[in-house]
Amino acid sequence: MVRIGAHVDLADAIGAAKTLDADAVQVFLSDPQAWKVPDLPYEGGAEALRADAEAADLALYVHAPYVINVASTNNRIRIPSRKLLQQIMDGASAIGAKGVVVHGGHVTANDDPAKGFDNWRKAIDALETDVPVLIENTAGGDHSMARRLERIEQLWAAVSKADGGADVGFTLDTCHAWAGGIDLAAAADQIRAITGRIDLVHANDSRDEAGSGADRHTNFGQGQIPQDLLIGVIAAAGAPVICETKGDMAPDIAWLRENLG
């Protein structure tokens, strides 16, 4: 059985999982728009969260802050990004997380994309961690590192050369793939052909049409992605599933369980 869960608030991760009937959860360790990592907002700290998750047979995943962009050619962004990513990896290890989801990032219109890919290689080279980095495909941006398949292929070629590159995994976001112009019917096979793996699925419907570039998640059946296409790509990925939809995600989790079998 595939583990299915949702993104929840860290302070009540165990309670939220029980309420949602989830056997996996994703959390932020810090404000996703901030550069500082505060003390863990969980009673008893990292050791307690790790123990409570193990006792509940709950798989923990961490989503890195959105501000991280290790691909950037701007030293004022790239260097703090690498520092913050290391802090998040350390925190994820302390709670026993299965992986840390990191957006692919982007360069600017004036940059050679090859520099962004190589900056990713350097970032992985520099990381000290026993937790896998799970690079996530993104919805928009003509200069993003992981929106389109050809960019994901170039990114993976660079990352694979890094010390520790073999441990880097992939998070497939269904809304991002749809909005990014990737054919969901073939997405899982195409991405696995590039990366060799899919470690996690972000299961989200999309408010906007295919190829829109808009990162706007919505609940299943309320967006533009045909439901059979959603189930098909999630099943084909064959990885644990995290919902990042809207409001109460219990119906989304129940729908996935019913339709994934």
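One structure accompanies this document, and this report is about it. (Residues numbered from 1 in each chain as written. Predicted model: local features only at pLDDT ≥ 70, side-chain atom pairs only at ≥ 80, totals over all residues. Heavy atoms only, no water.)

**Digging into the side chain of Thr 171**
Moving on, step 1. Within the secondary structure, Thr 171 is located in strand S6 (residues 169–173).
Moving on, step 2. For Thr 171, a relative accessible area of 0% corresponds to the buried category.
Moving on, step 3. Setting aside residues no more than four positions away along its own chain, Thr 171 makes contact with Val 101, Leu 134, Ile 135, Glu 136, Asn 137, Leu 200 and His 202. (Helix = DSSP H or I, 4+ residues; strand = E, 2+ residues; numbered from the N terminus. Buried < 20%, exposed > 50% of the residue type's maximum accessible area, 1.4 Å probe, protein only. Contact = heavy atoms within 4.5 Å.)

**Things to note about the packing of helix H5 (residues 149–159) against helix H7 (residues 184–195)**
What describes two packed helices is the angle between their axes and the distance between those same axes.
Moving on, step 1. Between H5 and H7, whose axes approach to 9 Å, the crossing angle comes to 20°. One finds that H5 runs roughly parallel with respect to H7. By crossing handedness, the relation of H5 to H7 is classed as right-handed. Here H5 contributes Leu 149, Ile 152, Glu 153 and Trp 156 to the contact with H7, which in turn contributes Gln 190, Ile 191, Ile 194 and Thr 195. (Axes fitted to C-alpha atoms, helices over the stretch in contact; angles between N-to-C directions. Parallel < 35°, antiparallel > 145°, perpendicular 65-115°, else oblique. Left-handed = near helix turned anticlockwise from the far one by under 90°.)

**Concerning the pairing of strand S5 (residues 133–136)**
Moving on, step 1. Burial along S5 is two-sided: Val 133 and Ile 135 and Leu 134 and Glu 136, pointing in opposite directions, are all buried.
Moving on, step 2. When strand S4 (residues 100–103) meets S5, the two strands line up parallel, connected through four bridges. In the sheet register, Val 101 faces S5, and the bridge partner there is Leu 134.
Moving on, step 3. Taken together, S4, helix H4 (residues 113–126) and S5 form a β-α-β motif whose crossover is right-handed.
Moving on, step 4. Examined bridge by bridge, S5 and S6 share three bridges and lie parallel to one another. (Pairing = 2+ DSSP bridges. Right-handed = clockwise from strand over helix to strand, strands pointing away.)

**Quick word on the pairing of strand S3 (residues 59–63)**
Moving on, step 1. Of all five residues in S3, five are buried, a share of seventy percent or more.
Moving on, step 2. Residues Ala 59, Tyr 61 and His 63 point to one face of S3 and Leu 60 and Val 62 to the other, with burial holding for every one of them.
Moving on, step 3. By the bridge criterion, four bridges tie strand S2 (residues 24–27) to S3 in an arrangement that is parallel. Considered in S3, the bridge of Val 25 is made with Leu 60.
Moving on, step 4. In this region the chain leaves S2, passes through helix H2 (residues 45–55) and returns to the parallel neighbour S3; the handedness of that crossover is right-handed.
Moving on, step 5. Pairing of S3 with S4, which is carried by two bridges, proceeds in the parallel orientation. Looking at S4, one finds that His 63 is bridged to Val 101.

Note that all results are geometric; they support no functional claim without further evidence.
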